[in-house]
Amino acid sequence: MPEKIKIAVLVSGNGSNLQAIIDAQANGDLGPAEIGIVISDKPEALALERAAKAGIKSVVVEKTKELSREEYDEKLAVILREEEINLIVLAGFMRVLGEKFVGAFKWKIINIHPALLPAFKGTHGIADAFLYGVKVTGVTVHFVDEGVDSGPIIAQRAVKIEDTDTLGSLEERMHHREHELYPEVIRLFAEGRIKLEGRKVKIV
Ligand code: GRF
């Protein structure tokens, strides 16, 4: 492993997880990991402003009608190779990456999902769990494989749902949990402490 692990953070919107990663880096809590680039598929993403404020390079790669899904993924891949990225961190990136891309960066892509996978996959993990009436939900960081929200689970943190919770209050606690967990996992990855054995992930 190289001394510094260069990460790319892929975003589409608010970027609060990106902010948590930026803050962790500033506080020395990201270990040997270093944000090399932020990539957004949306030019209006607030995440881009967060990157700019922190002096981090960013680029917008929009999915236009002219680009096929594979061509889009290939554009991303070219940038990631040019930047010599060691870890791709999906942080609210609203696109599903194709099989070829995932294969090319096997076990070097991680995602954060706002539910205890494999429950409540998809784009509305918090609301789905809340409306279902579960008493405990949580956040999951997992490796990205060819499926959607289906890769090996690296870490999970539980969040209790109280009777007094509204969707808004639950969302707030969930995001707080995400912001603690994601930088921790990035650090573990950068320290070479995440080992994959079949579907199981061990922290060594
Ligand atoms: C987070 O809830 C994350 O779990 C999900 O998308 C949301 C992104 O939020 N994948 P932000 O853009 O990091 O604020």
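Sequence order as written defines residue numbering, which begins from 1 separately in each chain. Side-chain atom pairs in this predicted model are given and counted only at pLDDT of 80 or more, local residue features only at pLDDT of at least 70, and totals for whole chains, interfaces and linings cover all residues. In computing side-chain properties, one takes all heavy atoms of the structure into account and sets aside hydrogens as well as water.

Engineer: Would you explain the pattern of salt bridges in this entry?
Structural biologist: For side chains bearing opposite charge, pairing can occur when the charged atoms are close. Every case where a carboxyl oxygen of Asp or Glu lies within 4 Å of a side-chain nitrogen of Lys or Arg is listed as a salt bridge. Going through the model one piece at a time under the given rule, you end up with 11 salt bridges. For Glu 83, the salt bridge identified is with Lys 57, shortest N-O distance 2.6 Å. Taken together, the residues span a long stretch of sequence, with Glu 83 in the loop between α3 (69-82) and β4 (87-90) and Lys 57 in the loop between α2 (46-53) and β3 (58-60) at a distance of 26 residues. Taking relative accessible area as the criterion, Lys 57 reaches 45% and is therefore assigned partly exposed. Between Arg 177 and Glu 180 there is a salt bridge, and its shortest N-O distance comes to 3.1 Å. Highlighted residues: Arg 177 and Glu 180, both in helix α6 (residues 167-190), separated by 3 residues, approximately one helical turn. On the basis of relative accessibility, which here comes to 29%, the residue Arg 177 falls in the partly exposed class. We call a residue buried when its accessible area falls under 20% of the maximum for its residue type, exposed when it is over 50%, and partly exposed in between, using a 1.4 Å probe and counting protein chains only. In this structure Glu 180 comes out as partly exposed when scored by relative accessible area, which is 36%. Connected via shared salt-bridge partners are Lys 6, Lys 57 and Glu 83. A run of H or I in DSSP counts as a helix once it spans at least four residues, and a run of E counts as a strand once it spans at least two, with each numbered from the N terminus.

Such coordinate-based values are descriptive only and should not be taken to indicate function.
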